[in-house]
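The residues making up each chain are set out below.
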Amino acid sequence: MNATKQSNATSQDAALPRMGAVVLAAGAGRRMGHRPKCLLQLNGRSLIDRQLEAVFQAGLVSVLVVLGHHAERIQQEAALKHWGARWVVNPDPDAGHVGSLRSGLQALPPGLDAVMVLLADQPMIDVTAIQSLMNAYAARPEGTHMVQPTVQDLPGNPVVFSSAVASQILAGGVQMGARQWQQLHPEQAYRWKTPDARYRLDVDNEQDLQTLKTLTGHSLLWPSDLSR
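Residues numbered from 1 in each chain as written. Predicted model: local features only at pLDDT ≥ 70, side-chain atom pairs only at ≥ 80, totals over all residues. Heavy atoms only, no water.

Chemist: Outline the sheet that holds strand β3 (residues 45-46), supporting the account with residue identities and numerical values.
Modeler: Paired through backbone hydrogen bonds, the strands of a sheet run either parallel or antiparallel to each other. The three strands lie next to each other as β3-β2-β11, forming an open sheet whose pairing is antiparallel. The open sheet has two edge strands, β3 and β11 (220-221), and neither has a second partner. Relative to β3, strand β2 (residues 41-42) runs antiparallel, the two sharing two bridges. Note on β3: the bridge partner recorded for Leu42 is Arg45. (Pairing = 2+ DSSP bridges. Helix = DSSP H or I, 4+ residues; strand = E, 2+ residues; numbered from the N terminus.)

Chemist: Before we move on, can you summarise the pattern of salt bridges with the specific residues and values?
Modeler: The full count for this structure, using the stated rule, is ten salt bridges. A salt bridge links Asp94 to Arg30, with the shortest nitrogen-to-oxygen separation between them at 2.6 Å. Of this pair, Asp94 sits in the loop between β5 (86-89) and α5 (97-107) while Arg30 sits in the loop between β1 (19-25) and β2; the two residues are 64 residues apart in sequence, bridging distant segments of the chain. Across the pair Asp121 and Lys37 runs a salt bridge whose closest N-O atoms are separated by 2.8 Å. Pair noted here: Asp121 is in the loop between β6 (114-119) and α6 (127-138) and Lys37 is in the loop between β1 and β2, with a separation of 84 residues, a long-range link. Since its relative accessible area comes to 8%, Asp121 is described here as buried. Accessibility expressed as a relative area gives 19% for Lys37, which makes it buried. (Salt bridge = Lys/Arg side-chain N within 4 Å of Asp/Glu carboxyl O. Buried < 20%, exposed > 50% of the residue type's maximum accessible area, 1.4 Å probe, protein only.)

Chemist: Can you tell me about the pairing of strand β4 (residues 62-67), naming the residues and giving the values?
Modeler: Most of β4 sits out of view: six of its six residues are buried. What you see with β4 is no split at all: Ser62, Leu64 and Val66 on one side and Val63, Val65 and Leu67 on the other are buried throughout. Two strands pair when backbone bridges link them, and β1 and β4 are joined in this way by six bridges, in the parallel orientation. Bridge pairing in β4 links Gly20 to Ser62. Relative to β5, β4 is paired through four bridges, and the arrangement is parallel.

Right, here's the structure in full:
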């Protein structure tokens, strides 16, 4: 970790928990022509680069990227090396987010208080959005162990949960993920209401790209080797 990242990590508010991150980037991108969505570029930088910058600037202490489809191409992305992010490959990415989440949680180091789970195809999630979610987790109601942003009563991402929840997910069997845990323990999940629409914006298909441009004025472009 370079001096800037060390400074960011050590300047983290002492009241905030020691938090790691799992970035899910294993999807096939079928509705995007079988291309890795995390390599879409905003202002010349890939989404994975922008998201890794945000989590490190926010002071998250351990960051793990879960790859699957397109793993070799994403590993070529300079951002992973630049930010010193570790990665793990989900051997069965077609099984969905649950398998990728479990792969990531299993590879995180011990000693974390909480874990933030991010989707690699959310273009507008930046350091302020991450810090706001971290603060919401630190101020969550007593007895709750998971925080999910909700925008106009619709669920958003990223989500944060305690290390105890992470352990319960891993102990729950191969079909147990964050959503399944939340369904079993609704009273322990805090739905943090926010007007910030960034938590709801992701890009699953071409229509989402147009919606993003309409709402934000930003266009996403493919790198030259993936453009068609």
